[in-house]
Amino acid sequence: MKQKNGKFGNWMRNSITARMLVVGFLLLVLLIPLQFVKSLIIERASRQEAVIREINEKWGNEVLLSGPIVKIPYKVVSEEKIYNQKNNSYFTKRKELVKYAYFLPDKLTISAQVDTKPLNRSIYESVVYSAAIDVTGNFPKIDFSVGDILDENILWEKATVLLNTSNLKGIKTTPIVNLASETLTMTPQYSNENLNTIQSNYIPNAKELLATSHPFSFNLKINGSESLNFLPIGKETDVTMKSNWHSPSFDGNFLPEDTDKEISKDGFSASWRILQINRQFEQSFFGQLPNLTTSAFGTKLIIPVDEYQKSERTAKYGFMVIGLTLLVFLLIQLVSKIYIHPFQYVMIGLALVMFYTLLISISEHSTFFKAYSIAAVAVLGLVTVYSRAIIKGFKFPMLICASLASLYGFIYVIIQLENYALLVGSIGLFLILSTIMFASRNIDWNNAS
């Protein structure tokens, strides 16, 4: 029995195959703590999102705003024949319903000045904004003939102006709409629609006022976060937006004009021009105002890739870093004939896993570059000193240090790239494979002793 144990021990200690199997098994084992690190990154990122969402809800969420819409009620009379069983005859019952007509402006001009600022809670940061919005334009002559509605059925005395918005909480000034010579105060109205409704008091002398084209204007100050969007309800809609935010993302159904778009580290400015022919709805609606939010456009005030996203991308390369580092140790062991115990491989692997926990924790309080540099230097120093104690001498520990430093530098370059990340990563992995193949060309893989 002792002889069999001795043979097995010698085989485990001296066989190339046995050592490769042991290193492969340890690599799979080390994937367990690496997976825990990835879970930690996801947990911290989720916590960040929850805090930012709470900050935004208290300050004001994303803003979607329409221009003013004229709303006029009208009567619809319907007749229904009802059978009377008592006298075996029919009688006609007249039913009068009140419906609403909605008229959109001919011209809509919006100017928005968006001033952003960071809000912090603990170690988390959100970007919010205060927008000063000036809206001008004009309504056409109100014409009910499109809906075949008789003039006597129109309730002109109950005509109002309404605005639709997604964010009532963020409004900081009560909007007052100037309609021709009239001043209309706006108040919120309960609505089950997608957007909140702000509606004016009844328009004085509405029949005479709305019989011709008439201008309108109003100002609005509103707090929001994440994005500012508008609905192109004008027959011609012109929007200009200026901000001190340096990382805008123009989204929605329409992009700004290329000739009027400027983005710099000090902010951005952009202009949109949308015509009625560019979107798929008319200028008047009878009965119900449809959901027009699918035509919205505007700007997202995005935060560039944050530390958790970069840490998560870095951790995806953890298997490669640990695997290649253990492979370097294995090749050194085979070349130098120095025995490295499986426990020592485990310690090296755990040191490499610690890089990611250091990266996450430090990046929460500093920039990603500083966190990456500190974590890399700490792990490089630890692995180099430990390998010096195992292998002796300076030649192989310096080779390990250079290899690991090259790996960390290579990964940092990849995660900074966007368009060329796959290309650079593929070329880098090809070069790494070529180096390993070249370095291992003289090893006698058939040696079983």
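The present account deals with the structure reproduced in this document. (Residues numbered from 1 in each chain as written. Predicted model: local features only at pLDDT ≥ 70, side-chain atom pairs only at ≥ 80, totals over all residues. Heavy atoms only, no water.)

**Examining the environment of valine 424**
Piece 1. Tracing the sequence through the fold places valine 424 in helix α9 (residues 421-439).
Piece 2. The spatial distance from the C-alpha of valine 424 to the C-alpha of isoleucine 411 is 10.0 Å, given a sequence separation of 13 residues.
Piece 3. Ignoring anything within four residues of it in the chain, the contact list for valine 424 reads Phe410, Ile414 and Leu417. (Helix = DSSP H or I, 4+ residues; strand = E, 2+ residues; numbered from the N terminus. Contact = heavy atoms within 4.5 Å.)

**Considering the environment of leucine 334**
Piece 1. Position of leucine 334 among the secondary structure elements: in helix α5 (residues 318-336).
Piece 2. Distance from leucine 334 to arginine 19, taken between C-alpha atoms, is 9.3 Å for residues 315 residues apart in sequence.

**So, the packing of aromatic side chains**
Piece 1. Inspection of the entire model under this criterion finds 20 aromatic pairs.
Piece 2. Between the aromatic rings of tyrosine 74 and phenylalanine 286, the centroid separation amounts to 6.2 Å while the plane-to-plane angle is 70°, which identifies the pairing as edge-to-face. A residue pair is termed long-range when its members are at least 10 positions apart, and tyrosine 74 in strand β2 (residues 69-84) and phenylalanine 286 in strand β16 (residues 284-286) qualify at 212 residues.
Piece 3. The exposure class assigned to phenylalanine 286 is partly exposed, which follows from its relative accessible area of 27%.
Piece 4. For the ring pair phenylalanine 355 and tyrosine 356, a centre distance of 5.0 Å and an interplane angle of 85° mean the geometry is edge-to-face.
Piece 5. Under the relative-accessibility criterion, phenylalanine 355 is labelled buried at 0%.
Piece 6. Look at tyrosine 356 and you get buried, because its relative accessible area is 2%.
Piece 7. Geometry around tyrosine 100 places lysine 71 over its ring, the cationic atom sitting 4.4 Å from the centre. (Phe/Tyr/Trp six-rings, centres within 6.5 Å; stacked < 30°, edge-to-face > 60°. Buried < 20%, exposed > 50% of the residue type's maximum accessible area, 1.4 Å probe, protein only. Lys NZ or Arg CZ within 6 Å of the ring centre and 35° of its normal.)

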